[in-house]
Amino acid sequence: MVGRASLNEKVTAGNVEIVAKTFLEQNSRTLGLNVDQLVIQKEHFDKSFGVVTYQMTYQGIPIFGKYANVVIKIDAVVKFKQDYQKSLSISVIPGLTSNDAEIAAKEFFGVPEVGVLDSKLIIYQDKLAYQVDLPLIKNWRPSEDKPYIEPSAFIDPNNGELIDFIDNIEYDDLSGTVTGMIYPEFATDQQIEVSFGNEWV
């Protein structure tokens, strides 16, 4: 939705989350949303401009990389965006434990001795999976361009097989001025407009 939906109050740093939630609750049917399955991820306020980002979930389990954003300027919602509108009907009961998934991930990358940064159930590619985040490790596939990786592995919660993985390190050569668009947590996440001045890198 891109347009303008007037609100009953001006947005401030103290009410940006409440204003966004009220808008979603009042317009949930039109937007095709179940507000109970949105979990606030982060909020940003700068002068008269507010952005609230929600993690989309299914039965309380995060849907990987899927978010809803409410953008508020002064006293109106000027943009709403969601990037997931499927109706799921899947079991959220895993056959394996989180520890089983961690062992499987470490075995795949050949690092049985390393610790795990995080491990949790998620919805990945419309299916239940464990996301296992590992620390910085040597790339198990020799590469001059990427000697190290920091992988998030997606493990089948019933048979322990690797479904997929992403590397949370991005290699690139940058110079000049950075403006306006950043990634929240993972490279696959939705971009969010953030108000900041020119930054040199």
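The following paragraphs examine the structure supplied in this document. Here the structure is a predicted model, which means the values were calculated and not measured.

## Comments concerning the overall build of the protein chain
- Scanning the protein chain for helices and strands turns up three helices and 15 strands.
- In the protein chain, which comprises 201 residues, the proportion classed as buried is 37%.
- Partitioning the contacts of the protein chain with sequence separation of at least 6, the portion at a separation of at least 24 is 47%.
- Per element, the accessible surface of the protein chain, about 11800 Å² overall, is 48% carbon and sulfur.

## Structural notes on the pairing of strand β11 (residues 162-167)
- Relative to β11, strand β10 (residues 151-155) runs antiparallel, the two sharing five bridges. For S152, the partnering residue across the bridge sits in β11 and is I166.
- Between β10 and β11, which pair antiparallel in sequence order, lie six residues; one of them, G160, sits at a positive phi of approximately 80°.

## Re helix α3 (residues 98-109)
- For α3, built from twelve residues, the straight-helix expectation of 16 Å at 1.5 Å per residue is met to within 8% by its first-to-last C-alpha distance of 17 Å.
- Burial in α3 covers these residues: A101, E102, A104, A105, K106 and F109.
- Phi for G110, located one or two positions after α3, is positive at around 70°.

## Comments concerning the side chain of Q82
- Checked against the element boundaries, Q82 lands in strand β5 (residues 76-82).
- Judged by relative accessible area, Q82 falls into the buried class, the value being 14%.
- One polar contact links the side chain of Q82 to the main-chain carbonyl oxygen of L31, over a distance of 3.0 Å.
- Setting aside anything within four residues of it in sequence, one finds Q82 in contact with L31, G32, L33, M56, Y67 and A68.

## Brief notes about the pairing of strand β4 (residues 61-73)
- Within β4, ten of the 13 residues are buried, which leaves it mostly tucked inside the rest of the structure.
- Where strand β3 (residues 49-58) lies against β4, nine bridges are found, and the strand directions are antiparallel. Looking at β4, one finds that V51 is bridged to V71.
- Adjacent in sequence and paired antiparallel, β3 and β4 are bridged by two residues, among which Q59 carries a positive phi angle near 50°.
- The sheet contact formed by β4 and β5 spans six bridges and is antiparallel. Its bridge partner lying in β5, N69 is registered against K81.
- Once β4 ends, the chain turns through two residues before running back antiparallel as β5, passing I74 with a positive phi of about 60°.

Definitions and cut-offs
- Residues numbered from 1 in each chain as written.
- Predicted model: local features only at pLDDT ≥ 70, side-chain atom pairs only at ≥ 80, totals over all residues.
- Heavy atoms only, no water.
- Helix = DSSP H or I, 4+ residues; strand = E, 2+ residues; numbered from the N terminus.
- Buried < 20%, exposed > 50% of the residue type's maximum accessible area, 1.4 Å probe, protein only.
- Contact = heavy atoms within 4.5 Å.
- Areas by Shrake-Rupley, 256 points an atom, 1.4 Å probe, with all protein chains shown as cover.
- Pairing = 2+ DSSP bridges.
- Expected span 1.5 Å × (residues − 1).
- Polar contact = N/O pair within 3.5 Å; in protein donor to acceptor, adjacent residues only side chain to side chain.

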